[in-house]
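Listed here are the chains, written in short residue letters.
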Amino acid sequence: MAKKVRYRVAGGCALCMTCIYQCPVNAISLIEDVSAVIDQEKCIGCGSCYNACQPEAIVQEKIEEEA
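Observations regarding the nonpolar core
With 15 residues, the main nonpolar core has Tyr7, Val9, Cys19, Ile28, Ile38, Cys49 and Ile58 as its most contacted residues. Mapped onto this core, the elements with two or more residues apiece are strand E1 (5–9), helix H1 (18–22) and strand E3 (35–38). The element best represented in this core is E1, accounting for 3 residues. Sequence-distant contacts of Ile58, defined by excluding residues within four places in its chain, comprise Tyr7, Arg8, Val9, Cys19, Ile38, Cys49, Tyr50 and Cys53.

What follows is the structure in structure tokens.
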């Protein structure tokens, strides 16, 4: 089943690592203690990181379906 949404860290990451702990497929990592980053190849689009992010640094983007 294809994902219909994509999640990415847009900015304002507090480095709290809550999203990392919530991700069931380990698709999120920290880059040089600056920000979290979501590996789109691993991400299953479940939204756990998005819902857990208190500073609302993770944004949801709709993916247009290919015809």
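Read on for the rest.
A word on unusual backbone geometry
Phi is mostly negative for residues that are not glycine, and the peptide bonds are mostly trans. Residues other than glycine seldom take positive phi values, yet Leu15 does so here, at roughly 60°. On the secondary structure map, Leu15 appears in the loop between E1 and H1. By relative accessible area, which is 31% here, Leu15 ends up partly exposed. A positive phi angle, near 50°, is found at Asp33, a position not held by glycine.

Side note on the environment of Glu56
By secondary structure assignment, the location of Glu56 is in the loop between helix H2 (48–52) and strand E4 (58–62). Overall, Glu56 belongs to the exposed group, its relative accessible area being 65%. Note: C-alpha distance between Glu56 and Val9 (47 residues apart in sequence) is 8.9 Å.

Details of the environment of Ile58
Examined against the element boundaries, Ile58 turns out to sit in strand E4. Separated by 50 residues in the primary sequence, Ile58 and Arg8 have C-alpha atoms spaced 5.5 Å apart.

Calculation criteria
- Residues numbered from 1 in each chain as written.
- Predicted model: local features only at pLDDT ≥ 70, side-chain atom pairs only at ≥ 80, totals over all residues.
- Heavy atoms only, no water.
- Core = buried A, V, L, I, M, F, W, Y, C linked by side-chain atoms within 4.5 Å.
- Buried < 20%, exposed > 50% of the residue type's maximum accessible area, 1.4 Å probe, protein only.
- Helix = DSSP H or I, 4+ residues; strand = E, 2+ residues; numbered from the N terminus.
- Contact = heavy atoms within 4.5 Å.

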